[in-house]
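If you want the building blocks of each chain, they are given just below.
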Amino acid sequence: MVIDVHNLNFSFGSGSLTQPVLKGIDLAIRKGEIVLMTGPSGSGKTTLLTIIGGLRQASNGSVVILGEQLVNSNEQTKVKIRRQTGYIFQQHNLLKSLTALQNVCMTLELQRDLTESERQYRAQQILAAVGLEDRMHYFPEALSGGQRQRVSIARALAGRPKIILADEPTASLDRQSGHDAVEILKQLAKELNTTILLVTHDYRILDIADRVVELEDGLVKAVEHQE
Amino acid sequence: MSIVNTWFFPTRLAWRQLIHDRLKLAAATSGVLFACVLVFMQLGFKDALYASAASMPLKFDGDLFLIHQQSEAMWRPAQFERSELMRALGHPAVAEVAPLYLSLATFKALDTQVKRTLMVYGYDPDTDLLNVDAIKTRKRELRVKDTVLFDEYSRPEFGPVSNMLEAGQNRTEVNDYKVTILGVFQLGISFAADGNIVTSDLNFLRIFPNRNAEEIDVGVIRLQPGVFIPEIKEELRAHLNDFVKIYTYEEVLKHERLYWENAAPIGFIFNFGTIMGLIVGMVIVYQILFTEINNYRFEFATLKAMGYPHSYFIRMVFASAFILAILGFVPGLALSSSLYNLAESQIFIPMPMTFEKAFTVFVFILFMCTTAGFLAIHRLDSANPADMF
């Protein structure tokens, strides 16, 4: 198992203001699986995603990612997990002062054993794979929403992460570019045998999933298997 | 290699973020430039003041100098008996001694007739007390009654003396006493005197009728070649009365400089100005860095989510501070150099741009920017990757 969550509880606030968000989540995802997570707002999808990605500290239950226990972990462990995880955000979250190519390179600069030319080469390859070979030196503000999200996908995949975490990646895109973006994501993830956990409200993209998990009120409500 | 890597990437990212908005960068740079110029001018004026204070003693040709202990600075000396100086001749290592007379006097400008105060030096021309060629070559003429030499570097308010001499107009009054100007020499003015004239000891006593030859202002002692000056100084010290102080050449320069640094409040004023300039610059840089971190905090949080450690962003902030220091310093140095030239032409006191001064200011500016960086890094805590989804 790449992601193994067991009896995870999480609440915001403290004392009488405690607001439980996750109430005993169990979720296991195999290597190479593409899992979509849906559910109404406030069901705790995003919170679960940030805990799995090592961005939020949980103190109850068990969250084992790539063999590392994240519950009550230290900063080093979390940073280690973050480096093996690619993130795709709802807003593209590209660095606005960097070109598409430089943005993708930011992922690769975390890998110190690569030379500058290797980084450039790999970033160009992955940008070409998302169909942006002629937009490499554009700044984000000169790109369309769909193009930005594809740069964001390239950035997440460039480091060849073992896990991709995505939070509503198609929310700000129109139907066609949204579908194109997740198609590219799926195709590249399958090539690299990357595990994907994708939170979405967008039922148009459910067809890319191997499995759909539905969250409601901090609990896994149903697991549907796609055939 | 690892240090290069550790600093190279955050520095490059800091640079790319800074140059992305050229207008903001220009504003930030001019803030540093402003502080830089302010500090340069304060230090420049201070050094010019100290240098000019010692412009006359710098030309002294002697080994040891006697000054009355009540003399706070050379421009307002207390007199002591000439016999005190003559006693030094009793020491076998002393080759010769010579008295120097000096006093402030009014000088009537050749063109406007306006009277203005300058410094009059009087000594036996044969002793060559001042190591200035233009004076040495005219020592025979200076023996003539009522003759003086005029310092070309005096302030222009004394009139275009060189030109008027060429036109044959060479008579004026010093201390209401008519004298003939023989020619000019180059010495330089100080904050105490706007100009200088040199004359013989006898002429000095004619210009100042209430002075007498037995009351001298400075006693100059020349030693036999090859003797150890500090040793002779100590031996003479034991022979002379306590009311005279005995200085070596270096000590007399230091004595003059320390007067302006400490006794006069001028040193404090310039140091205060320097510190104020640095504080203002620091606040500007802090504001820039703070705003920069604030604007980029979502990007920083994104990078944190990607696995960048907190220390990466701390290095970025310091790299930004360093880049701003360099970008502000380089034009600041160029601008200050030309302002030094402008000031030289206005106040007639040399203000050289030395490597030492440039280096000092650079260290100050670097310190200023680093401190601003230290104050700004707490803002990095606002970049929380958990808020990114």
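Residues numbered from 1 in each chain as written. Chains lettered and ligands numbered in written order. Predicted model: local features only at pLDDT ≥ 70, side-chain atom pairs only at ≥ 80, totals over all residues. Heavy atoms only, no water.

- The name an unreviewed UniProt entry gives chain B is Putative ABC transport system permease protein, with Nitrosomonas marina as the organism.
- Per its UniProt entry, chain B bears the Subcellular location (unreviewed entry) comment "Cell membrane". (UniProt positions renumbered as here; feature names shortened; annotations may be inferred.)

- Under an unreviewed UniProt entry, chain A has the name Putative ABC transport system ATP-binding protein and belongs to Nitrosomonas marina.
- In the Sequence similarities (unreviewed entry) part of its UniProt record, chain A is described as follows: "Belongs to the ABC transporter superfamily. Macrolide exporter (TC 3.A.1.122) family."

## Describing a negative patch on the surface
Argument step 1. Negative charge collects at one region of the surface, where Asp174, Asp180, Glu183 and Asp207 of chain A lie side by side.
Argument step 2. Considering the arrangement of structural elements, one finds Asp174 of chain A in the loop between β7 (163-167) and α6 (175-192). (Patch = residues over 30% accessible without salt bridge, like charges linked within 9 Å, V, L, I, M, F, W, Y side chains within 5 Å. Areas by Shrake-Rupley, 256 points an atom, 1.4 Å probe, with all protein chains shown as cover. Salt bridge = Lys/Arg side-chain N within 4 Å of Asp/Glu carboxyl O. Lys, Arg positive; Asp, Glu negative; His and termini not counted. Charge placed at Lys NZ, Arg CZ, Asp CG, Glu CD. Helix = DSSP H or I, 4+ residues; strand = E, 2+ residues; numbered from the N terminus.)

## Quick notes on the packing of helix α2 (residues 22-53) of chain B against helix α13 (residues 355-376) of chain B
All names here are of chain B.
Argument step 1. Closest axis-to-axis distance for the α2/α13 pair is 10 Å, and the angle between their directions is 140°. Taken as axis vectors, α2 and α13 run oblique relative to one another. The interaxial crossing formed by α2 with α13 has right-handed handedness. Taken together, the residues of α13 that come into contact with α2 (itself represented by Val32, Ala35, Cys36, Val39, Phe40, Leu43, Gly44 and Asp47) are Lys357, Ala358, Thr360, Val361, Phe364, Ile365 and Met368. (Axes fitted to C-alpha atoms, helices over the stretch in contact; angles between N-to-C directions. Parallel < 35°, antiparallel > 145°, perpendicular 65-115°, else oblique. Left-handed = near helix turned anticlockwise from the far one by under 90°. Contact = heavy atoms within 4.5 Å.)

## Structural notes on unusual backbone geometry
All names here are of chain B.
Argument step 1. Phi angles above zero are rare outside glycine, and Asn175 is one such case at about 55°.
Argument step 2. For Asp176, which is not glycine, the phi dihedral falls at a positive 60°.
Argument step 3. Tracing the chain through its elements places Asp176 in the loop between β6 (171-174) and β7 (177-185).
Argument step 4. Residue class for Asp176 comes out exposed when judged on its relative accessible area of 53%. (Buried < 20%, exposed > 50% of the residue type's maximum accessible area, 1.4 Å probe, protein only.)

## Some details on the nonpolar core
Most often, soluble globular proteins have nonpolar side chains that are buried together.
Argument step 1. Met106 of chain A together with Ile365 and Met368 of chain B are the most contacted members of the largest nonpolar core, which totals 57 residues.
Argument step 2. When residues of this core are traced back to their parent elements, those giving at least two are α1 (2-20), α2, α10 (266-295), α11 (297-305), α12 (310-347) and α13 of chain B.
Argument step 3. For this core, the element with the most residues is α12 of chain B, which contributes 12 residues.
Argument step 4. Ile365 of chain B has contacts with Val32, Ala35, Cys36, Leu278 and Ala325 of chain B, leaving out every residue within four places of it along the chain.
Argument step 5. Residues Cys105, Ile126, Leu173 and Ile208 of chain A belong to the second largest nonpolar core, which totals 38 residues. (Core = buried A, V, L, I, M, F, W, Y, C linked by side-chain atoms within 4.5 Å.)

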